[in-house]
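# Residue-level structure breakdown
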Amino acid sequence: MSQRNETSGGADDCTTTESFDDHGIDDGADLITATYYRLASTDIGFEPTETFFDRLESAFVWTYLGTVDATGVPDHVLAAVEDARALTREEFADQPDADLRTDVIPAFYRRVAGFHCVYRD
């Protein structure tokens, strides 16, 4: 993992909903929903494999890019995504029946948002 070894980052004044407000994203639910639809459009469900987590990371990054006005993804966002991916993969490694929409993506995003709250400062 890039910067932290904890299961979630988090600053006292930062919530998962508002974690990306400094990037112009008022509600993190928008990132969750759009990431889900980007993945769901491929008709491939959740599998606890490296390939799936590559797709999850890619879907989130493209969703982020499609949501913000800036070009590129800041290093602190990429670090948050990388750390969240690693911990989410560990969590779901033995849960192949986990639901993509209600379990996997929300768990991933909570971690991304938490790490982002810490890394953006």
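Fair warning: this is a prediction, and the values are worked out from it, not measured in the lab. (Residues numbered from 1 in each chain as written. Predicted model: local features only at pLDDT ≥ 70, side-chain atom pairs only at ≥ 80, totals over all residues. Heavy atoms only, no water.)

## Notes on the nonpolar core
Counted only if it meets this: For this analysis, a nonpolar core means a set of buried residues of the types Ala, Val, Leu, Ile, Met, Phe, Trp, Tyr and Cys, connected via side-chain atoms within 4.5 Å. Throughout, exposure labels follow a simple rule: accessible area from a 1.4 Å probe, protein chains only, divided by the maximum for the residue type, with under 20% read as buried, over 50% as exposed, and the rest as partly exposed. Helix and strand definitions here come from DSSP, where helices need a minimum of 4 consecutive H or I residues and strands a minimum of 2 consecutive E residues; each element is numbered from the N-terminal end. Residue contacts are counted whenever heavy atoms from the two residues lie within 4.5 Å of one another.
Judged by nonpolar contacts, the single largest core of 32 residues is most densely connected at Phe20, Phe46, Phe52, Leu56, Phe60, Val104 and Val112. Elements that contribute at least two residues to this core include exactly helix H1 (28-40), helix H2 (50-67), helix H3 (75-92) and helix H4 (100-119). For this core, the element with the most residues is H4, which contributes 10 residues. Sequence-distant contacts of Val112, that is, excluding residues within four places in its chain, are made with Phe20, Phe60, Ala80, Val81 and Ala84.

## Thoughts on the confidence of the model for the protein
The line we're drawing: As a per-residue quantity, pLDDT reports the predictor's confidence and falls between 0 and 100.
When pLDDT is averaged along the protein, the result is 84, and 88% of the positions lie at 70 or above. Taken together, the stretch residues 1-11 has pLDDT below 50 and engages in 30 contacts with residues farther than four places along the chain or on a different chain.

## Thoughts on the packing of H3 against H4
Worth spelling out the cut-off: Comment: axis = line fitted to C-alpha atoms, over the contacting stretch for helices; angle = value between 0 and 180 degrees taken between N-to-C directions. Angles below 35 degrees are treated as roughly parallel, those above 145 as roughly antiparallel, those between 65 and 115 as roughly perpendicular, and all remaining angles as oblique. In this scheme the handedness of a crossing depends on how the near helix is turned from the far one: anticlockwise by less than a right angle means left-handed, clockwise means right-handed.
Where H3 contacts H4, the two axes come as close as 8 Å, and the packing angle between them is 140°. The angle between H3 and H4 falls in the class oblique. The two elements H3 and H4 cross, and the hand of that crossing is right-handed. Here H3 contributes His76, Val77, Ala79, Ala80, Val81, Asp83, Ala84, Arg85, Leu87, Thr88, Glu91 and Phe92 to the contact with H4, which in turn contributes Asp103, Val104, Ala107, Phe108, Arg111, Val112, Phe115, His116 and Tyr119.

## Some details on the pattern of salt bridges
Our working rule: Salt bridge, as used here: a side-chain nitrogen of Lys or Arg that lies within 4 Å of a carboxyl oxygen of Asp or Glu.
With the rule as written, the count across this model stands at 5 salt bridges. The partner of Arg85 in a salt bridge is Asp54, with the nearest N and O atoms 2.4 Å apart. With a gap of 31 residues between them, Arg85 in helix H3 and Asp54 in helix H2 connect regions that are remote in the sequence. Between Glu57 and Arg85 there is a salt bridge; the shortest N-O distance is 2.5 Å.

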